[in-house]
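Topology and contacts: notes
Each chain, letter by letter, is given below.
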Protein chains: 2
Amino acid sequence: MKTVKIGMLGIGNIGRGTYMTLETNRHKIEEATDLDLQIVKILNRHPEKDRGIDIPKEKYVTDIRDILDDPEIQIVIELIGGVEPATTYMAEALKAGKHVVTANKAAIAKNGRMLQELATEKQLMLRFEASVAGGIPILNAITSALICNEFSSVQGILNGTTNYILTRMTEDGASYEDVLKDAQAKGFAEADPTSDVEGIDAANKLSILISLLFGIGVAPEDIPTRGISDISSKDINFAREFGYTIKLLASAESHDGTLTCNVEPSLVPLDHPLANVNNEFNAVYITGNAVDNLMFYGRGAGPYPTGSAVIGDVIGEARKIEKGAAYDLTPHLRYDADLDFRGEGQNPYYVRLRAEDRPGVLGQIASTLGTYEISIRTMTQQTDKEEDGVVSIIIIVHDVERNVLETALNVLLKNHSVKSIDNVLRVLE
Amino acid sequence: MKTVKIGMLGIGNIGRGTYMTLETNRHKIEEATDLDLQIVKILNRHPEKDRGIDIPKEKYVTDIRDILDDPEIQIVIELIGGVEPATTYMAEALKAGKHVVTANKAAIAKNGRMLQELATEKQLMLRFEASVAGGIPILNAITSALICNEFSSVQGILNGTTNYILTRMTEDGASYEDVLKDAQAKGFAEADPTSDVEGIDAANKLSILISLLFGIGVAPEDIPTRGISDISSKDINFAREFGYTIKLLASAESHDGTLTCNVEPSLVPLDHPLANVNNEFNAVYITGNAVDNLMFYGRGAGPYPTGSAVIGDVIGEARKIEKGAAYDLTPHLRYDADLDFRGEGQNPYYVRLRAEDRPGVLGQIASTLGTYEISIRTMTQQTDKEEDGVVSIIIIVHDVERNVLETALNVLLKNHSVKSIDNVLRVLE
């Protein structure tokens with residue numbers, strides 16, 4: 001049995017889950033891989049804090065140099081999270097000749113290219129399975145077993161907090177605000193939920209998927225991103241009437257030499273496999289030209305599912321170290337494909353607006369949309385009047401650029417019949 | 001770029017799909033892997049037959065020695081199917097120093113152990129991703145990214161033909177016989193559908209999954225297996241009433257040192273992710289102690305999805321050949337776990353029977369089941385009488401050994417009130 005010594009940076013929730021996954025399953029891992037994996041040092045900036053886990057005190061170090069300068073440590077696991085100091089620490093680890101495993105989507109989305117170049121130069125491995133969709137081994141799949149495919153699209157439910165909130169709104173009829181408060185009380189949402197509910201977390205993960213699936217770099221801040229805070233139970237109910245459920249989708253498509261993508265609450269047909277991905281579960285739905293449609297479903301967060309992915313990466317690296325064929329960049333971020341990034345492209349949209357309840361209004365709206373060459377798939381006036389003389393109108397339009405649609409909707413607003421544009425959401429076909 | 005030369009055995013549907021996947025995606029594969037994969041010889045026992053594919057005639061050979069004796073060929077792809085001569089050919093290829101890739105579930109389920117021992121002895125690779133669930137990269141996932149998990153259960157929809165038939169019966173209300181005929185006409189079912197509809201195909205795949213997930217050998221013929229030919233639209237409708245849909249599930253569970261498994265049409269709760277796997281799609285739902293529940297969904301058959309898995313394996317082997325670290329048994333069939341195989345174990349069951357429509361009959365049935373310590377979860381007498389004085393009764397019972405249940409049901413049959421036992425199906429919890 002070959003021993004591989006590991007240094008771990010950070011001992012928060014994910015760090016504890018990773019440590020416990022390794023210790024609890026040590027017997028299985030040794031049997032299956034003939035590897036003795038030892039986390040020998042842990043960077044813990046607050047060693048006085050009770051972590052609620054039985055780790056020998058002598059493993060804790062407060063200075064990262066104790067890990068970087070230890071010649072016996074071959075793999076460094078980074079679980080601090082956030083762009084810095086995590087990026088600097090990973091770069092230092094590579095410079096010190098250590099292979100790296102990380103769960104850090106923000107650092108990989110922002111600095112993956114630089115870190116990968118450093119790993120290549122040093123002939124070291126850099127793995128980050130846990131950075132996208134937690135325990136779901138999607139990065140490994142698309143860059144090994146599925147690598148012969150040309151991929152044409154991906155749609156992901158990549159954030160558990162928002163999927164939990166939308167599921168509770170859908171199943172319980174509760175408001176966004178109430179469900180968010182409840183999720184915060186239960187620890188499913190952070191005190192500051194911005195990164196989750198505004199889609200930033202999902203955009204980081206989509207940026208990584210785009211590089212692996214399509215071979216081009218799109219920075220998270222360049223991905224058109226909208227969060228779920230404007231979704232009301234009205235949208236959820238109207239969507240259901242039309243045969244859809246609302247999910248925060250991270251989507252990207254490649255066609256005719258262009259790449260389009262966005263993160264946005266989207267109407268998903270009820271018979272689509274993604275429609276049944278509920279609560280805190282994540283899923284990634286991809287289409288390749290040989291394998292056709294595939295979906296991976298599982299837990300996208302949590303200490304143990306994330307620990308499963310981290311230890312999976314550690315084993316992947318340790319097996320290669322053992323075989324003496326250490327250098328292998330899988331997954332491999334690519335930035336060289338011949339694709340033009342074209343923003344979010346053309347999509348079908350759902351529009352909810354309020355207008356005067358009088359004859360001719362639907363016709364006016366249809367004509368105005370028509371002058372912008374926006375083609376209407378469905379248009380329904382809701383029978384329940386919300387206030388005197390004003391009704392909700394739901395329109396689903398065929399493929400259109402979102403800015404063209406918004407220009408047309410602004411023209412409608414100047415028309416006195418239309419009182420407000422209440423929501424505009426992408427529709428998945 | 002490194003060239004790897006390949007010999008392929010068989011040029012049926014899967015062979016053509018594999019060849020076309022490699023040729024169509026050659027550019028993507030070269031960019032992503034820096035490998036030039038060349039299928040240089042193809043064993044074609046009927047070279048005169050028009051295969052409807054543009055393959056240079058000089059690649060065809062009729063004698064396998066032309067492939068085995070070619071020192072330039074490093075990988076042999078076996079796509080003949082069936083146990084023999086495929087097993088012998090793979091053994092010969094390993095003896096000749098070739099790495100092997102196969103899509104052959106029957107040969108791996110029966111002879112995987114022998115072939116793996118041969119590969120180990122020769123320090124060669126043996127891969128068989130396509131043998132279970134076609135294009136879905138489940139074997140790679142469970143033996144690499146997820147390998148740190150102790151797995152407790154697997155439920156798979158592993159046969160596309162039967163899933164297509166059950167879906168059409170459910171959605172169209174058609175009979176088993178009519179849907180089977182239609183599926184045969186469309187080429188979704190074989191002229192002799194026995195292996196699919198009787199669950200034999202699924203049992204082969206489950207045997208492979210059991211070895212990889214739980215580390216013990218259970219031969220396909222030792223897996224309790226029932227097919228779908230006895231499912232009627234009555235069962236489908238009653239199941240729906242109780243909140244279930246019927247799927248042919250291949251299941252295995254490990255608990256307290258025992259392994260239980262079976263292949264059987266089973267009632268799946270409508271809110272379970274497997275309930276929405278429809279038509280010819282396959283899915284594998286697994287539970288690991290770190291990663292929790294995961295589902296992989298995709299196409300389990302077809303030339304291109306299967307070709308995707310075969311070429312994925314070829315690339316996996318070619319990458320290791322290129323790095324000079326050729327010997328690596330992933331996936332690794334294991335037979336050494338400390339688990340007792342206990343047949344199908346205890347499960348909840350659905351029972352449909354016909355009995356006289358008179359007071360006291362339900363009580364009699366419940367008492368008889370009670371004497372066998374069979375606990376009833378639900379018992380309903382259907383209101384639509386089928387014939388004079390006889391009604392259908394649906395019973396769902398808690399965990400029980402199937403043979404105990406059948407003994408009790410036979411006692412009921414001797415009771416004149418019970419006219420027939422029409423079906424007994426496992427219930428997934």
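What counts as what
Residues numbered from 1 in each chain as written. Chains lettered and ligands numbered in written order. Predicted model: local features only at pLDDT ≥ 70, side-chain atom pairs only at ≥ 80, totals over all residues. Heavy atoms only, no water. Contact = heavy atoms within 4.5 Å. Buried area = accessible area lost by both parts, 1.4 Å probe. Salt bridge = Lys/Arg side-chain N within 4 Å of Asp/Glu carboxyl O. Helix = DSSP H or I, 4+ residues; strand = E, 2+ residues; numbered from the N terminus. Nonpolar A, V, L, I, M, F, W, Y, C, P; charged D, E, K, R; others polar. Pairing = 2+ DSSP bridges. Least-squares fit on C-alpha atoms with pLDDT ≥ 70 in both. 1 Å grid on protein atoms, 1.4 Å probe; cavity = no way out; pocket = protein on both sides within 12 Å on 5 of 7 lines; lining within 4 Å. Points joined across faces, edges and corners; volume = space filled by probe spheres on them. Buried < 20%, exposed > 50% of the residue type's maximum accessible area, 1.4 Å probe, protein only. Arc of directions from axis to C-beta. Polar contact = N/O pair within 3.5 Å; in protein donor to acceptor, adjacent residues only side chain to side chain. Phe/Tyr/Trp six-rings, centres within 6.5 Å; stacked < 30°, edge-to-face > 60°. Lys NZ or Arg CZ within 6 Å of the ring centre and 35° of its normal. Axes fitted to C-alpha atoms, helices over the stretch in contact; angles between N-to-C directions. Lys, Arg positive; Asp, Glu negative; His and termini not counted.

Observations regarding the interface of chain A and chain B
Residue-level contacts link 50 residues of chain A with 50 residues of chain B. Summing both sides of the interface, chain A and chain B together bury roughly 4,200 Å²; the carbon and sulfur share of this comes to 54%. The tally of links between chain A and chain B comes to 4 salt bridges. Between R299(A) and D292(B) there is a salt bridge, with its nearest N and O atoms 2.6 Å apart. The set of elements that each furnish at least two residues to the side of chain A that touches chain B consists of α1 (13-24), α2 (26-33), α6 (138-143), β10 (281-288), β11 (292-299) and α12 (303-323) of chain A. Considering every element that reaches the side of chain A that touches chain B, the biggest residue donor is α12(A), with 9 residues. When grouped by side-chain class, the residues that make up the side of chain A that touches chain B number 25 nonpolar, 16 polar and 9 charged. When β11(A) meets strand β11 (residues 292-299) of chain B, the two strands line up antiparallel, connected through 4 bridges. When the bridges of β11(B) are listed, M295(A) appears paired with Y297(B).

Section: the relation of the copies chain A and chain B
Rotating chain A by 180 degrees about the axis while translating it 0.0 Å along that axis superimposes it on chain B, leaving an RMSD of 0.0 Å. On the angle and the small slide along the axis, the relation comes out as a two-fold axis. Ranked by how close their C-alpha atoms come to the rotation axis, the residues of chain A are headed by F296(A), at 2.4 Å. Both copies present the same face, since 100% of the interface residues in chain A are matched by interface residues at the equivalent positions in chain B.

Digging into empty space enclosed by the protein
As enumerated under the stated definition, the model contains 3 cavities of 30 Å³ or more in all. Estimated volume of the largest cavity: approximately 630 Å³. Taken together, 34 residues form the lining of the largest cavity, with N140(A), K320(A), N140(B), S144(B) and K320(B) sitting closest to its centre. Only α6 and α12 of chain A together with α12 (303-323) of chain B provide two or more residues apiece to the lining of the largest cavity. Across the lining of the largest cavity, the residue classes tally to 9 nonpolar, 11 polar and 14 charged. If you add up the space inside the second largest cavity, you get close to 110 Å³. Those elements that provide at least two residues to the lining of the second largest cavity are α6 of chain A together with α2 (26-33) of chain B. In the lining of the second largest cavity, the residues fall into 7 nonpolar, 2 polar and 3 charged.

Some thoughts on helix α13 (residues 361-371) of chain B
Residue and element names in this part refer to chain B. The complete set of buried residues in α13 reads V361, I365, T368 and L369. Angularly, the buried residues of α13 cover 100 degrees about the axis, an arc narrow enough to put them on a single face. On the buried face of α13, the contacting elements are β13 (346-356), β14 (376-381), β15 (390-401), α14 (402-414) and β16 (418-427).

Focus: the environment of E264(B)
Residues and elements named next belong to chain B. Here E264 lies in strand β9 (residues 258-269). Residue E264 is classed as buried on the basis of its relative accessible area, which comes to 0%. Between the C-alpha atoms of E264 and A202, which are 62 residues apart in sequence, the distance is 9.5 Å. Ignoring anything within four residues of it in the chain, the contact list for E264 reads R226, K247, L248, L249, E344, Y349, R402, V424, L425 and R426. There is a polar contact of 2.9 Å between the side chain of E264 and the side chain of R226. Looking at E264, its side chain comes within polar contact range of the side chain of N262, at 2.9 Å.

Looking at the pattern of salt bridges
Residue and element names in this part refer to chain A. Summed over the entire model, instances satisfying the criterion amount to 56 salt bridges over all chains. A salt bridge links E264 to R226; the nearest nitrogen and oxygen atoms lie 2.8 Å apart. Of the two residues, E264 sits in strand β9 (residues 258-269) while R226 sits in the loop between α10 (200-214) and α11 (233-241), which places them 38 residues apart along the sequence. Of the residues examined, R226 reaches a relative accessible area of 25% and is grouped as partly exposed.

What to know about the sheet that holds strand β6 (residues 126-127) of chain A
All names here are of chain A. One open sheet holds the 6 strands; their spatial order is β3-β2-β1-β4-β5-β6, and the pairing between them is parallel. Of all strands in the sheet, those bounded by a partner on one side alone are β3 (60-61) and β6. The pairing of strand β1 (residues 2-9) with strand β4 (residues 73-78) spans 5 bridges and is parallel. Residue pairing in the sheet places L9 in a bridge with E78 of β4.

Quick look at the packing of aromatic side chains
Two aromatic rings are characterised by how far apart their centres lie and by the angle between their planes. Residue and element names in this part refer to chain A. Applying the stated criterion across every chain, the model contains 3 aromatic pairs over all chains. Relative to Y297, the ring of F281 lies with its centre 4.9 Å away and its plane at 5 degrees, an arrangement referred to as stacked. Of this pair, F281 sits in strand β10 while Y297 sits in strand β11; the two residues are 16 residues apart in sequence, bridging distant segments of the chain. Taken as a pair, F281 and Y297 share a single burial class, namely buried. One residue, R113, lies across the ring of Y335, its end atom 4.3 Å from the ring centre.

Focus on the sheet that holds strand β4 (residues 73-78) of chain B
All names here are of chain B. With parallel pairing, 6 strands are arranged side by side in an open sheet as β3-β2-β1-β4-β5-β6. For this open sheet the edge positions go to β3 (60-61) and β6 (126-127), each flanked by a neighbour on one side alone. Pairing geometry for strand β5 (residues 99-102) and β6, over 2 bridges, is parallel. Each residue of the ladder has a partner; that of V101, found in β6, is R127. Across the sheet, helix α1 (residues 13-24) lies against β1 (2-9), β2 (35-43) and β4, angled at about 155 degrees from β2, the strand it touches most. With respect to the sheet, helix α4 (residues 86-95) is in contact with β1, β2, β4 and β5, its orientation differing from that of β5 by roughly 155 degrees.

Some details on the side chain of K98(A)
All names here are of chain A. Following the sequence through the fold, K98 ends up in the loop between α4 (86-95) and β5 (99-102). For the buried residue K98, which engages in no salt bridge, the nearest side chain bearing the opposite charge is D70, 5.8 Å off. In this structure the side chain of K98 is engaged in a polar contact, spanning 2.6 Å, whose partner is the backbone oxygen of D70. Apart from the residues within four sequence positions on either side, K98 is in contact with I67, L68, D70, P71, I73, Q74, V76, A93 and L124.

What to know about the pairing of strand β7 (residues 151-157) of chain B
Residue and element names in this part refer to chain B. Summarising burial for β7: 6 of the 7 residues are buried, a large majority. Bridging between β7 and strand β10 (residues 281-288) involves 6 bridges; their strand directions are antiparallel. Counterpart to S153 in the pairing with β10 is T287. Pairing analysis gives 4 bridges linking β7 to strand β8 (residues 244-255), with the strands arranged antiparallel. Counterpart to V154 in the pairing with β8 is A252.

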